[in-house]
Amino acid sequence: MYLLNLNIFSIDGISDVFSIFLGAIRFGIASIVVFLSPFLLLSLLPIPIRQNKYYRKLYNFFYVLGANIILILNCIDLAYYKFTYKRIAYDFFNYLGVGGDFKELIPQFARDYWHIVLIFIVLNIILDYFRKLIDKKYTSELIFANTKWFVKNSVFSIILIGLFFIGQRGGLQLRPLSIVHSNYYTSTQNTPLVLNTPFTLYRTWGKIGLEPKKYFNNQEELNSYFNPIIAPTSKPDSLFTTPLEVGKTNVIVIILESFSEEYMNGYTPFLSSLAQKSIVFNGYANAKRSIDGVPAILSSLLPLSEESFITSQYGSNNLSSFASLLKPFNYKSSFFHGGYNGSMGFDAFTRNVGYEDYYGRREYNNDKDYDGNWGIFDEPFLQYMVKELDHYKEPFTSAVFTLSSHHPYTIPAKHKGRFPKGTMIVHETVGYADYSLKRFFEQAQTKPWFKNTLFIITADHSAATKEPEYTTLLGKYRIPIIFYHPSLKRGIKIDKNIQQADILPTTMALIGYKKPFISFGKNAFEKGDNPYILFTNDEYMLIEGDYLFKYQDGFDSKLFFLAQDVNAKKDVGKGNIEVFEKMKLKIQALIQEYNNRLIENKLVIKDAER
C-alpha cells in the first residue's frame, strides 16, 4: 500500500514506521480471525473426525477461501485507495450500480492495473507454497479418542478460542476495535496503512451508510443553494479594545454536558453573569447525543445520518477542526474529558481531527475525585485543565467536555446541599457544574494567557426542560452559545439563531482566520439568517427565518410557519410555493454535499487547493 502510493502518505521517521506496523498487526489479527473463523473452528474442534482426510480438505478449503478473500480485498485497494483516500467499506457496493458501466470497466481496470493482478498471483503462490510446506512438515497426529485426549483438547480449544475472541475485538479495552482507533497509531494521512480492507469491510457490513446523491447536475447550480467551502470575512473588531488576531489569540472551547438554555434562568449564577459580559446568540444543538454534538462543535460537521460520524465507516475520514485549522499558525492543541479513556470514541476522534494531546481519567490519575459513574468530577478536573494549560506555550487551542451534569446527577459529598435542588433532579448538578465553571475562571484569571484567550461556552446537547418556551419542537434543542474575551468592551445579545455547526466558522471570523475550509455552518456575523439543520427519525429539517421545512426522500415535503405554529403542525407549503421550492433545493444541496463529501472523503481542503 505504501510503495504504490508514495505521494499520498507521509511517514515521519522510524518510530512512525514501528507504530504503523504495530497497529497494522492488531487490525490484521482481527481480520484474520474473522475471515479464517471456519478454518480455525474446524481445526480446533475436539472430535476424532479431525484426522479424516475429507475433513482436512474441508477446513483447508475454508483456509484457502478466507486467505484469498483477504488478499483480493487488499489488492483491490492498492489501486482503488488513491481515488477515495480511504479503505473500502460497505458503502462501496452502493457504487457498483451507479452509471451502469461497472462490468464494462472491470477489463479496463485489469489492464491498467496488471501489476496488482500480478502481485495477487505472486502472493497467492507464496501463500499456497507455505501452506503445503507446513502441512507436509506437521502431519496430523494419530488420534486415540479417550477421555484424557478429549479433556486435553477441549481445554486447549477453549483457551485458543478465547484468545481468538480477544484478538478479533482488538484486546480487552472498553470498546471493540473500530475504524477510528487507527488514529492511535499514526496521523490521519497514514491511517489506511494501519487499517486493512477486510477489517473496514466487515466492520461496516450491513451498515448501508450514506447513498451518493445527485439532485443537481452541475457544481455551479449546487453551490448557488449551498456551498460548504467558506472563508470567514465579517469580523466585528469594534467590539474589542484590541482586535483579536489569529496566531496571537488562544481559543478554548468549553462543552457542558446536557445543558439546556433553560437552566440559565436561575440555576447558573456564574454563567449568567458571564453571559452579561459576552457575545450571546440564540443557540441550538444539532443533535441530542454527545457523540454527535462534539463533531458538530469542533469540526462544524452536521449529524445528518442515524449513525454517528465517530462510529461510522467514515470515522477515519479527514476532517477539519479548531486544532487542524490553527496548527499552521503554531497553535498547540489539547482535548480534556474526565471520563474513561475511550468513552464515546472522543480520544480517537479528537486525534483524528488534529488534537495533539488528550487528557482523560487515566491522565488525571487520581480516583479520589472519581464520581463513581462517569469519571472525574467537574471542579477538580477543570482545575487540572488550568494547570496543564499553564505549561503550554502560546498560542494554543483547547477543548474540554464536562460530565457532572449527567444522570445519575452525582455531586461531591462536600457540596451536598450547597446548590438549589430546583424542580428537576438535574438542577442541583447544573448548579455544581456552574460552580465548577466559576472556579475554572477564577483560576484561569491568574494566568498570563487568560487576557489573550477567547472562550466559547456551549453544550453537547440540551436535556430535560419544563418551561413552555423550551418544550416546543425547537425549544427543546436550545443550548447556550457564548463567546467571551477579556478585551470585549461590553456584553451584547444578538437576537440571531445559530447552531453548533456555526461555532467553528464564527470563531474563525472573530480571530481573523481567512483561509477557506469546509464547514456545514456559517459565520454568525454575516448578514442574513443562519440556517439551522436537524436530522431526526430519518427526516431532515431546515429552519430559516420563520419557516421550517421537513424533507425525506420518497415522501411529501412540508413547510411550516413557526411564528404562528411553534410545534410545526400546520403545513403551509401550498400557499408559499416560492419559499417551499427554495428551501427544498437548499436542503437537497446540503444533503448532496454532505453525503458525497463523506463518501468521497472530501471534508478538508488540501493546502495545494487553498
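My aim in this report is to walk through the structure given alongside it, one point at a time. (Residues numbered from 1 in each chain as written. Predicted model: local features only at pLDDT ≥ 70, side-chain atom pairs only at ≥ 80, totals over all residues. Heavy atoms only, no water.)

Structural notes on a nonpolar patch on the surface
A contiguous nonpolar surface patch, about 1000 Å² in accessible area, is contributed by Trp 114, Leu 118, Val 122, Leu 123, Ile 126, Tyr 129, Phe 130, Leu 133, Ile 134 and Tyr 138. As for its position among the elements, Tyr 129 is in helix α5 (residues 114–137). (Patch = residues over 30% accessible without salt bridge, like charges linked within 9 Å, V, L, I, M, F, W, Y side chains within 5 Å. Areas by Shrake-Rupley, 256 points an atom, 1.4 Å probe, with all protein chains shown as cover. Salt bridge = Lys/Arg side-chain N within 4 Å of Asp/Glu carboxyl O. Helix = DSSP H or I, 4+ residues; strand = E, 2+ residues; numbered from the N terminus.)

Observations regarding the nonpolar core
Among the nonpolar cores identified, the biggest contains 117 residues, and Ile 254, Leu 298 and Phe 441 are the most heavily contacted of them. A total of nine residues in this core trace back to one element, the largest contributor, which is helix α18 (residues 577–599). With sequence-adjacent residues up to four places away left out, Leu 298 is seen in contact with Val 253, Ile 255, Ser 320, Ser 321, Phe 322, Phe 335, Thr 350, Tyr 355, Ala 399 and Leu 504. By size, the runner-up hydrophobic cluster in this structure holds 25 residues, among which are Met 1, Phe 9, Cys 75 and Tyr 185. (Core = buried A, V, L, I, M, F, W, Y, C linked by side-chain atoms within 4.5 Å. Buried < 20%, exposed > 50% of the residue type's maximum accessible area, 1.4 Å probe, protein only. Contact = heavy atoms within 4.5 Å.)

Quick word on the packing of aromatic side chains
As enumerated under the stated definition, the model contains 50 aromatic pairs in all. Taking the centre distance of 5.4 Å and the plane angle of 65 degrees together, the rings of Phe 61 and Phe 62 count as edge-to-face. Note on Phe 335 and Tyr 355: the rings are 6.3 Å apart at their centroids and 70 degrees apart in plane angle, and the pair reads as edge-to-face. Note that Phe 335 is positioned in strand β4 (residues 332–337) and Tyr 355 in the loop between α13 (346–352) and β5 (357–359), a separation of 20 residues in sequence. Judged by relative accessible area, Tyr 355 falls into the buried class, the value being 4%. Connected via pairs of aromatic rings, a cluster forms that spans Tyr 215, Phe 535, Tyr 540, Phe 549, Tyr 551 and Phe 580. For Lys 288, the ring lying beneath its charged end belongs to Tyr 477, and the centroid distance is 5.5 Å. (Phe/Tyr/Trp six-rings, centres within 6.5 Å; stacked < 30°, edge-to-face > 60°. Lys NZ or Arg CZ within 6 Å of the ring centre and 35° of its normal.)

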